[in-house]
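# Topology and contacts: notes
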Amino acid sequence: MNAPSTSPSLIVKNLSKAFPTAGDPLRVLSDLSLELASGDSLAVVGPSGSGKSTLLQILGTLDRPDTGTVTIDGADPFALAEKELAQFRNQKIGFIFQDHHLLPQLTVIENVLVPALAFGKPSPTDIGRANDLLGEVGLSGRLGHLPGELSGGERERVAIARSLLMQPTLILADEPTGNLDRKTADSVSELLLRLQQSVGAILITVTHSESLASAMADRKELVEGRLV
Ligand code: ADP
Ligand code: MG
């Protein structure tokens, strides 16, 4: 069952992360804390190299912090074994990347169904939901197309549909409009926020785009390893 919308479903406490170098370790995240509830949207801004992608990787459970905790829907993902963590990630977290990361040999609808594959063969419910989501993003007529046959904006919309397939608690987007022209970027941003609101997920977007950042409910800057 989902937590009530007033209680935070993402709790991040005292996260630190450093990378080894030839000299002193490079401290990227330093005692970073954050709490967000269902329906919240947050833009994370900051210069290149400030640790934005590192933060998303850790929140996405793709990398581990050195110290600190991440709690998603009351669970500590880093306490899970590898296989359970992969399922947890597929169930709870939707990812949208700048370069969309669609699989070139799979059709549009097959790409949207990829998160369901962690649980075996996609169910009729999964397939129905993939169809509905592709309708929502305006791609009903393109189900059997390959990513290479779509425009950049269309590919990003497929990535948005894929991120929502499992009705995730958390959607993480890294520069989702970074490769798009202004007009396409605005329509993709609008779509992303509308769908995030309709499913009540938390949305965290890393972006350099002023218009995307200002469309989010809150904005924080990553400065010296902390969100301010
Ligand atoms: P941003 O996304 O804000 O541009 P990143 O999180 O990608 O920043 O990187 C923050 C810093 O950490 C950069 O200096 C980068 O070179 C370094 N870094 C990121 N990942 C690794 C890694 N796996 N190993 C070593 N250094 C890394
Ligand atoms: Mg980055």
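Residues numbered from 1 in each chain as written. Chains lettered and ligands numbered in written order. Predicted model: local features only at pLDDT ≥ 70, side-chain atom pairs only at ≥ 80, totals over all residues. Heavy atoms only, no water.

### What about unusual backbone geometry?
- Notably, Thr61 is not glycine yet its phi reads approximately 60°, a positive angle.
- When you line up the elements, Thr61 lands in the loop between α1 (52–59) and β4 (67–72).
- Residue class for Thr61 comes out buried when judged on its relative accessible area of 3%.
- In this structure, Glu175 takes a positive phi of about 50° despite not being glycine.
- Residue Glu175 is classed as buried on the basis of its relative accessible area of 10%. (Helix = DSSP H or I, 4+ residues; strand = E, 2+ residues; numbered from the N terminus. Buried < 20%, exposed > 50% of the residue type's maximum accessible area, 1.4 Å probe, protein only.)

### A short note on the UniProt feature "domain: ABC transporter" (unreviewed entry) in the chain
- The sites that UniProt annotates as "domain: ABC transporter" (unreviewed entry) are residues 10–228.
- A helix fraction of 34% and a strand fraction of 25% characterise residues 10–228, whose end C-alpha atoms lie 17 Å from each other. (UniProt positions renumbered as here; feature names shortened; annotations may be inferred.)

### Some details on the packing of helix α5 (residues 152–164) against helix α6 (residues 182–199)
- Where α5 meets α6, the axes come as close as 10 Å, and the angle between the chain directions of the two elements is 10°. Considering their axes alone, α5 and α6 lie roughly parallel with respect to each other. Along the contact surface, α5 presents Gly153, Glu156, Arg157, Ile160 and Leu164, while α6 presents Thr184, Val188, Leu191, Leu192, Leu195 and Val199. (Axes fitted to C-alpha atoms, helices over the stretch in contact; angles between N-to-C directions. Parallel < 35°, antiparallel > 145°, perpendicular 65-115°, else oblique. Contact = heavy atoms within 4.5 Å.)

### A short note on the site of ligand 1
- Within the structure, ligand 1 sits among Phe19, Leu26, Val28, Pro47, Ser48, Gly49, Ser50, Gly51, Lys52, Ser53 and Thr54.
- Here an oxygen atom of ligand 1 sits 2.6 Å away from a polar atom, N or O, in the side chain of Thr54.
- Those elements giving two or more residues to the shell around ligand 1 turn out to be β2 (26–36) and α1.
- When residues in the shell around ligand 1 are grouped by element, the largest group, three residues, is from α1.
- Of the residues contributing to the shell around ligand 1, the split by class is four nonpolar, six polar and one charged. (Near = heavy atom within 4 Å. Polar contact = N/O pair within 3.5 Å; in protein donor to acceptor, adjacent residues only side chain to side chain. Nonpolar A, V, L, I, M, F, W, Y, C, P; charged D, E, K, R; others polar.)

### Some thoughts on the layout of surface pockets
- Roughly 300 Å³ of volume is contained in the largest pocket.
- Looking at the largest pocket, it is lined by 16 residues, and the ones nearest its centre are Asn90, Phe95, Val114, Pro115 and Arg162.
- Only α2 (82–92), β5 (93–97) and α5 provide two or more residues apiece to the lining of the largest pocket.
- Taken together, the residues that form the lining of the largest pocket break down as 10 nonpolar, four polar and two charged. (1 Å grid on protein atoms, 1.4 Å probe; cavity = no way out; pocket = protein on both sides within 12 Å on 5 of 7 lines; lining within 4 Å. Points joined across faces, edges and corners; volume = space filled by probe spheres on them.)

### Focus on the nonpolar core
- Counting residues in each nonpolar core, the largest one holds 36 residues, and the members touching the most others are Ile96, Val112, Leu134, Val137, Val158, Ile160 and Leu165.
- Those elements giving two or more residues to this core turn out to be β3 (41–45), α3 (108–113), α4 (124–136), α5, β6 (170–174), α6 and α7 (210–215).
- Once you skip the residues sitting within four places of it in the chain, Ile160 turns out to touch Ile96, Val188, Leu191, Leu192 and Leu195. (Core = buried A, V, L, I, M, F, W, Y, C linked by side-chain atoms within 4.5 Å.)

### Describing the pattern of salt bridges
- Enumeration over the complete set of coordinates arrives at nine salt bridges.
- Note that Arg226 and Asp31 form a salt bridge whose closest N and O atoms lie 3.7 Å from each other. Placement of Arg226 in strand β9 (residues 226–227) and of Asp31 in strand β2 is noted, with a sequence separation of 195 residues between them.
- One salt bridge in this structure joins Glu210 and Arg219, with 2.9 Å as the shortest N-O distance.
- Beyond isolated ion pairs, a larger network of salt bridges with shared partners links Glu136, Glu190 and Arg194. (Salt bridge = Lys/Arg side-chain N within 4 Å of Asp/Glu carboxyl O.)

### Examining the sheet that holds β9
- Judged by pairing direction, the sheet is mixed, and its six strands sit side by side in the order β5-β6-β7-β3-β8-β9 without closing on themselves. Bordering the open sheet on either side are β5 and β9, each of which pairs with just one other strand.
- Where strand β8 (residues 218–223) and β9 come together, two bridges link them in antiparallel fashion. Bridge pairing in β9 links Val223 to Arg226.
- Against the sheet, α2 makes contact with β5 and β6, and its axis sits at roughly 75° relative to β5, the strand it touches most.
- In the packing of α6 onto the sheet, contacts are made with β3, β5, β6 and β7 (202–206), and the angle to β7 comes to roughly 155°. (Pairing = 2+ DSSP bridges.)

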